[in-house]
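Overview (structure and organization)
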Amino acid sequence: MTFTLDNRSQNKESSLTKALRQIQELNSKIAVLEQQHQDYVQKQQNLIAAIAEICVSPMQEIEALRILIYRGEAACRQYLRSVLVKQRKAS
């Protein structure tokens, strides 16, 4: 009888230990995702500031934001580089 109770308590403890380990793993994954999100938000804020600084007309700003929304950061940066090249050629 004692052996059965000890075995059950060990199984419960093992289940609790396993659950605790899984919770810790999830917390670690959440922390990584939160950091990635903060990095993403910071990049977007920097890119929006660059759009405001580089674009000389409202139409260019709208186009840059449209590209950012629909095609992503890399395409937007490429567009901004092309705007800078055109501005340098014009000067």
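Predicted, not measured: the structure shown is a model, and the values here were computed from it. (Residues numbered from 1 in each chain as written. Predicted model: local features only at pLDDT ≥ 70, side-chain atom pairs only at ≥ 80, totals over all residues. Heavy atoms only, no water.)

Evaluation of the coordinates by the stated rule reveals three salt bridges. The salt bridge partner of Glu 25 is Arg 21, with a shortest N-O separation of 3.7 Å. A residue pair is termed a helical-turn pair when its members lie 3 or 4 positions apart in one helix, as Glu 25 and Arg 21 do in helix α1 (residues 2-54) at four residues. Taking the shortest distance from any N to any O, the salt bridge between Arg 66 and Glu 63 comes out at 2.6 Å. In this pair, Arg 66 and Glu 63 both sit in helix α2 (residues 58-71), three residues apart, roughly one turn of the helix. (Salt bridge = Lys/Arg side-chain N within 4 Å of Asp/Glu carboxyl O. Helix = DSSP H or I, 4+ residues; strand = E, 2+ residues; numbered from the N terminus.)

On to a nonpolar patch on the surface. Residues Ile 48, Leu 65, Ile 69 and Tyr 70 make up a contiguous nonpolar surface patch of roughly 460 Å² in combined accessible area. Here the nonpolar patch takes three residues from α2, the largest share from any one element. Inspection of the secondary structure assignment puts Ile 69 in helix α2. (Patch = residues over 30% accessible without salt bridge, like charges linked within 9 Å, V, L, I, M, F, W, Y side chains within 5 Å. Areas by Shrake-Rupley, 256 points an atom, 1.4 Å probe, with all protein chains shown as cover.)

Moving on, we come to the side chain of Gln 44. Following the sequence through the fold, Gln 44 ends up in helix α1. Aside from chain neighbours lying at most four places away, what touches Gln 44 is Leu 68 and Glu 73. (Contact = heavy atoms within 4.5 Å.)

Counted at 1.5 Å a residue, the expected span for α2 with its 14 residues is 20 Å, and the 19 Å between its end C-alpha atoms agrees. Backbone geometry just after α2 places Gly 72 at a positive phi near 105 degrees. (Expected span 1.5 Å × (residues − 1).)

This part covers the confidence of the model for the protein chain. On average, residues of the protein chain score 89 in pLDDT, and 88% of them are at 70 or above. Within the protein chain, the element-level pLDDT minimum falls on α1, averaging 87, and the maximum on α2, averaging 96. (pLDDT = per-residue confidence, 0-100.)

In terms of nonpolar packing, the biggest core is built from twelve residues, these being Leu 47, Ile 51, Ile 54, Cys 55, Ala 64, Ile 67, Leu 68, Ala 75, Cys 76, Tyr 79, Leu 80 and Val 83. At the level of secondary structure, the elements contributing two or more residues to this core comprise α1, α2 and α3 (73-90). Looking at this core element by element, the count peaks at five residues for α3. (Core = buried A, V, L, I, M, F, W, Y, C linked by side-chain atoms within 4.5 Å. Buried < 20%, exposed > 50% of the residue type's maximum accessible area, 1.4 Å probe, protein only.)

With their axes 7 Å apart at the nearest point, α2 and α3 run at an angle of 155 degrees to one another. As summarised for this structure, α2 and α3 are arranged roughly antiparallel, according to the angle between their axes. Seen from above, α2 lies across α3 with right-handed handedness. Here Gln 60, Glu 63, Ala 64, Ile 67, Leu 68 and Arg 71 of α2 lie close against α3, whose contacting residues are Glu 73, Ala 75, Cys 76, Tyr 79, Leu 80, Val 83 and Gln 87. Taken together, the residues of the contact of α2 with α3 sort by class into eight nonpolar, two polar and three charged. (Axes fitted to C-alpha atoms, helices over the stretch in contact; angles between N-to-C directions. Parallel < 35°, antiparallel > 145°, perpendicular 65-115°, else oblique. Left-handed = near helix turned anticlockwise from the far one by under 90°. Nonpolar A, V, L, I, M, F, W, Y, C, P; charged D, E, K, R; others polar.)

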